[in-house]
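# Remarks on the overall topology
Listed below, chain by chain, are the residues.
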Amino acid sequence: NPLSRRVVTPAANPLSRRVATPARQAEARASVRAEAFAGGERGSESVGALPVVYRGPSGTPLLDGIASPADLKGLSKQQLLQLATELRHETLTSVSATGGHLGSSLGVIELTVALHYVFNAPEDPIVWDVSHQVYPHKILTGRRSRMSTLRQKDGLSGFAKRSESPYDAFGAGHSSTSISAALGMAVAQKLNGVSEQRNAIAVIGDGAITGGMAYEAMNNAAYLSTKVIVVLNDNGQVSLPTGTQSAGGVGPAGALSAYTGRLLTSKPFLDFRSFAKSFSSLLPENLQAVNKRIDAFTRSTLQASSSNLFEELGFYYVGPVDGHDLANLVPILENIRDRRDNKPVLLHIKTEKGFGYPPAVAASDKYHGVPKFDVPTGYQYQGPKGKPSYTNIFANALIEHAQDDQKIVAITAAMPGGTGIDKFGRRFPKRTFDVGIAEQHAVTFAAGLAVEGLKPFVAIYSTFLQRGYDQVVHDVVTQKLPVRFILDRAGLVGNDGPTHHGSFDLAYLGCLPGLVIMAPSDELELLHMVATAYELDTMPCAVRFPRGNCIGLEGLREQLGYDITAMPTKGTALPIGRGRYVKRADPSRKQRVALLSLGTRLAPAMQAARALEEDSDFGGQLGVTVADARFMKPLDMELLRELARDHDVLVTIEEGSVGGFGDHVLHVLALDGALDDGKLRVRPMVLPDKFIEAATQQEQLDEAGLSPSYIIATVRKLLGKSRVLV
């Protein structure tokens with residue numbers, strides 16, 4: 001094991017006698033990279049003619065003996081180094097079979113081993129932020145045998161999840177929450193009289209710490225004099241991907257990242273002796289005596305400097321520390337654990353996303369999120385090239401408009417790749433703004449741009465806009481500022497599960513006066529709605545669309561009846577608050593049903609309509625109308641009145657929670673008197689009142705009851721047919 005050569009002096013505790021000079025740090029990192037290329041029996045086959053760039057260990061004997069973190073306590077220090085090698089390989093092989101968040105997990109292998117060796121989880125809660133880096137943590141905490149179910153139906157979550165394991169102290173899928181949660185736990189330990197025996201640890205990335213909530217928590221932590229430990233995992237990857245061209249350049253988003261970068265480069269990595277010397281006053285007296293005796297052994301590598309930001313916030317700052325140097329990391333964490341005062345501590349570690357796996361290190365996104373892949377070569381298994389995604393349709397449409405109007409600007413909160421703003425940034429870098437993981441700031445920043453006459457498009461995942469809700473209400477909507485919210489990942493998102501579903505935007509935005517809300521049924525409608533948002537200069541608006549691929553030209557023609565041979569590059573603005581008929585029921589049919597869809601449930605509604613009209617139980621006497629609402633606000637009252645007047649049954653369909661489109665339709669129909677005579681039977685089809693766990697999007701739609709068969713079953717039941725879907 002090349003890593004074992006990092007211990008330079010045999011001793012009872014070899015880790016305590018190592019000097020972390022810059023040369024040794026470079027040598028240690030090089031040894032990990034060398035091991036990725038050499039030796040081992042596993043992963044020796046390649047895909048086609050692709051070269052083999054990684055070979056892992058021939059076995060995992062140490063990892064095979066780990067059933068829980070308690071089993072780490074009996075390992076020697078050199079065995080910990082070997083365990084980290086095995087854990088990295090296990091993480092690679094697990095994710096290669098399922099897909100998932102890989103790069104962030106590879107970057108915290110050594111940290112995960114060190115934390116579970118030093119602390120006593122779950123009694124010492126470890127809170128991971130954002131928590132997509134928890135795969136190694138899951139493997140070490142008794143879930144290794146279930147890693148094949150990662151991010152699948154009835155399988156392991158891709159994030160920390162309290163209901164899954166007592167070792168997952170706090171669930172997380174968003175960002176910047178860990179310090180607040182760990183602080184709360186630390187205060188509770190103090191009130192419960194156990195703070196002397198227990199610790200609370202927050203592991204937060206340099207992306208997550210760009211969120212303002214992290215600073216609110218740090219400000220409070222020092223004020224409360226609470227024994228909380230914050231590990232700042234600094235890997236230089238603030239956005240996904242970092243390096244997108246924008247008005248701030250191509251570096252990690254924000255001045256904070258530049259600041260922590262200066263901390264990393266302004267002095268050598270902190271070694272244990274230097275740390276122990278500076279940390280001496282916080283340690284028990286016997287350890288202070290030891291520190292005095294080893295002063296002659298080594299000189300401090302710390303350079304004299306003024307206090308930094310974290311110290312000004314009241315934290316004892318330790319760092320920077322090489323996060324891949326397990327030999328140095330363990331004793332530093334042990335001494336932080338054994339400190340005697342209640343001052344909060346921030347340990348600043350430098351890691352490399354994707355560390356130890358050459359294809360990840362070389363990739364621009366560091367293999368942040370990957371499909372299934374071949375471990376030896378890094379080859380990612382992509383399905384056949386198919387229909388474009390809604391994200392790409394939006395990005396290309398926005399670029400088309402921006403070519404003609406220099407007032408268009410695009411804003412993203414650390415998700416340029418996921419929202420398509422990276423494409424916009426390549427064309428218009430000076431009009432592209434990545435604000436980091438700071439949705440509150442993104443919204444109000446856009447409001448300020450709108451005040452000065454620019455046309456801001458704020459592209460944020462539906463679930464993440466929840467984090468900036470007060471700013472939407474107070475700073476945009478109440479002032480009627482024309483900010484355009486582009487809500488990607490609206491509805492069910494598949495494998496990322498409940499923390500990432502865009503379930504609630506129709507409910508939380510629908511109650512706001514003066515906000516136009518649109519949802520395209522297909523890619524052509526999305527083009528029209530981007531054009532509508534562009535021209536809407538008198539009020540704010542929102543466009544929501546789902547994750548995944550569009551219907552495609554063939555689907556537009558065959559499923560939705562378009563007479564189209566090619567997709568246009570730019571849409572035409574729609575009349576505000578006007579829906580459309582897609583299919584009209586034959587007026588001669590004795591029974592008539594209307595299906596009113598908002599968003600991309602339109603194609604399934606059309607499929608259900610055809611099946612219902614062909615259903616022999618109705619004897620050819622059932623006619624089905626299908627309408628596309630297009631707008632949730634304002635609703636098309638003329639269309640609603642016609643549907644209520646001319647049909648026996650009205651079913652609304654949406655990929656959103658209770659309190660959204662269907663409830664608004666029921667509300668206005670009730671106020672309009674359309675339900676007074678009891679003749680019209682109305683049913684809203686929405687997401688069930690529960691959190692839907694990770695699965696494929698189709699499995700989730702089936703569970704939610706929004707597939708064509710469930711639409712058919714709903715109509716049949718309303719019309720008194722006993723044979724319904726069970």
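Residues numbered from 1 in each chain as written. Predicted model: local features only at pLDDT ≥ 70, side-chain atom pairs only at ≥ 80, totals over all residues. Heavy atoms only, no water.

Time to look at the overall build of the protein. Within the protein one finds 28 helices and 19 strands. The buried share among the 726 residues of the protein stands at 59%. In the protein, once contacts between residues fewer than 6 apart in sequence are set aside, the share between residues at least 24 apart is 77%. Carbon and sulfur atoms provide 51% of the accessible area of the protein, an area that totals close to 27900 Å². (Helix = DSSP H or I, 4+ residues; strand = E, 2+ residues; numbered from the N terminus. Buried < 20%, exposed > 50% of the residue type's maximum accessible area, 1.4 Å probe, protein only. Contact = heavy atoms within 4.5 Å. Areas by Shrake-Rupley, 256 points an atom, 1.4 Å probe, with all protein chains shown as cover.)

Following G319, the chain continues into P320 via a peptide bond in cis, with omega recorded as -5 degrees. Structurally, P320 is set in strand β5 (residues 316-322). A cis amide bond, omega -10 degrees, links K633 with the succeeding residue P634. Mapping P634 onto the fold places it in the loop between β17 (631-633) and α25 (637-646). For D154, which is not glycine, the phi dihedral falls at a positive 65 degrees.

This part is about the packing of aromatic side chains. Inspection of the entire model under this criterion finds 13 aromatic pairs. Taken together, a centroid distance of 6.1 Å and an interplanar angle of 70 degrees make the contact between Y357 and Y367 edge-to-face. Taken together, the positions of Y357 in the loop between β6 (345-350) and α14 (358-362) and Y367 in the loop between α14 and β7 (369-370) put the pair 10 residues apart, joining distant regions of the chain. Residue Y357 shares its accessibility class with Y367, and that shared class is buried. Centre to centre, the rings of Y367 and F373 are 6.3 Å apart; their planes meet at 80 degrees, and the pair counts as edge-to-face. Across this residue pair, the class does not change: Y367 and F373 are buried. Taken together, the ring pairs connect Y54, Y357, Y367 and F373 into an aromatic cluster. (Phe/Tyr/Trp six-rings, centres within 6.5 Å; stacked < 30°, edge-to-face > 60°.)

A few words now on the environment of G420. As for its placement among the helices and strands, G420 is situated in the loop between α16 (416-419) and α17 (421-427). Residue G420 is classed as buried on the basis of its relative accessible area, which comes to 3%. When residues no more than four places from it in sequence are discounted, the contact partners of G420 are T391 and A395.

Turning our attention to helix α28 (residues 708-718). Where burial is concerned, most of α28 is hidden: 8 out of the 11 residues are buried. Those residues of α28 not exposed but buried are P708, I711, I712, A713, T714, V715, R716 and L718. Its buried side turned inward, α28 meets β15 (591-597), α24 (602-613), β18 (649-653) and β19 (681-685). A positive phi of about 80 degrees marks G720, the residue just after α28.

One finds F394 and L595 to be the most contacted residues of the largest nonpolar core, which totals 64 residues. Once you skip the residues sitting within four places of it in the chain, F394 turns out to touch T419, I421, F457, A459, I486, L526, V530 and F545. Counting 59 residues, the second largest nonpolar core, distinct from the first, contains L75, V134, L156 and L333. (Core = buried A, V, L, I, M, F, W, Y, C linked by side-chain atoms within 4.5 Å.)

With that settled, consider the pairing of strand β3 (residues 200-205). Burial of β3 is extensive: 6 of the 6 residues sit out of reach of the surface. With 4 bridges connecting them, strand β2 (residues 126-129) and β3 associate as parallel partners. Bridging from a neighbouring strand, W128 pairs with V203 of β3. Examined bridge by bridge, β3 and strand β4 (residues 228-234) share 6 bridges and lie parallel to one another. When the sheet's bridge partners are listed, G205 is paired in β4 with N233. For the handedness criterion, the β-α-β arrangement of β3, helix α8 (residues 212-224) and β4 is classed as right-handed. (Pairing = 2+ DSSP bridges. Right-handed = clockwise from strand over helix to strand, strands pointing away.)

What follows covers the sheet that holds strand β13 (residues 541-544). Strands sit in the order β9-β8-β10-β11-β13-β12-β17 across an open sheet of 7 strands; the sheet is mixed. Both edges of this open sheet fall to β9 (432-434) and β17, since each of them pairs with a single strand only. Along the sheet, successive strands turn relative to each other by an average axial angle of 20 degrees, direction set aside. Relative to β13, strand β11 (residues 484-488) is paired through 4 bridges, and the arrangement is parallel. Across the sheet, the residue bridging to I486 is V543, located in β13. Those strands touched by helix α15 (residues 390-404) are β8 (408-412), β10 (455-461) and β11, and its axis lies near 150 degrees from that of β8. Strands in contact with helix α18 (residues 439-451) are β8, β9, β10 and β11; relative to β10, the strand with the most contacts, it is inclined by about 165 degrees. (Axes fitted to C-alpha atoms, helices over the stretch in contact; angles between N-to-C directions.)

Taken residue by residue, the protein gives an average pLDDT of 87. The fraction at 70 or more is 83%. Contacts of residues 1-46 to residues separated by more than four positions or lying in other chains number 112 contacts, the stretch itself having pLDDT below 50. (pLDDT = per-residue confidence, 0-100.)

Here the focus is the pattern of salt bridges. Scanning the entire structure with this criterion turns up 32 salt bridges. One salt bridge in this structure joins D505 and R544, with 2.6 Å as the shortest N-O distance. Taken together, the residues D505 in helix α21 (residues 505-510) and R544 in strand β13 connect sequence positions 39 residues apart. Of the two residues, D505 and R544, both sit in the buried class. Among the charged side chains, a network of salt bridges with common partners joins D522, E525, R580, D628 and R630. (Salt bridge = Lys/Arg side-chain N within 4 Å of Asp/Glu carboxyl O.)

In this section: α18. In a regular helix each residue adds 1.5 Å, so 13 residues correspond to 18 Å; α18 covers 19 Å between its end C-alpha atoms and thus fits that length. Every buried residue of α18 is listed here: E439, A442, V443, A446, A447, L449 and A450. The buried residues of α18 occupy an angular sector of 160 degrees when projected down its axis, which confines them to one face. Contacts from the buried residues of α18 go to β8, β10, α19 (462-465), α20 (469-477) and β11. (Expected span 1.5 Å × (residues − 1). Arc of directions from axis to C-beta.)

Taking burial as the measure, the 7 residues of β4 include 7 buried ones, the bulk of the element. Side chains V228, V230, L232 and D234 of β4 all project onto a buried face; the interleaved residues I229, V231 and N233 project onto the opposite face, where all are buried too. Across 6 bridges, the pairing between β4 and β6 is parallel. Bridge pairing in β6 places I229 opposite V345.

Next up on the list: the environment of A609. Looking at where A609 falls in the secondary structure, it is placed in helix α24. A C-alpha to C-alpha distance of 9.5 Å links A609 and A585, two positions 24 residues apart in sequence.

Moving on to the sheet that holds β4. By definition, the strands of a sheet pair up through backbone hydrogen bonds, in either a parallel or an antiparallel sense. Judged by pairing direction, the sheet is parallel, and its 5 strands sit side by side in the order β2-β3-β4-β6-β5 without closing on themselves. The open sheet has two edge strands, β2 and β5, and neither has a second partner. Strand-to-strand twist of the sheet, defined as the mean angle between neighbouring strand axes without regard to direction, takes the value 15 degrees.

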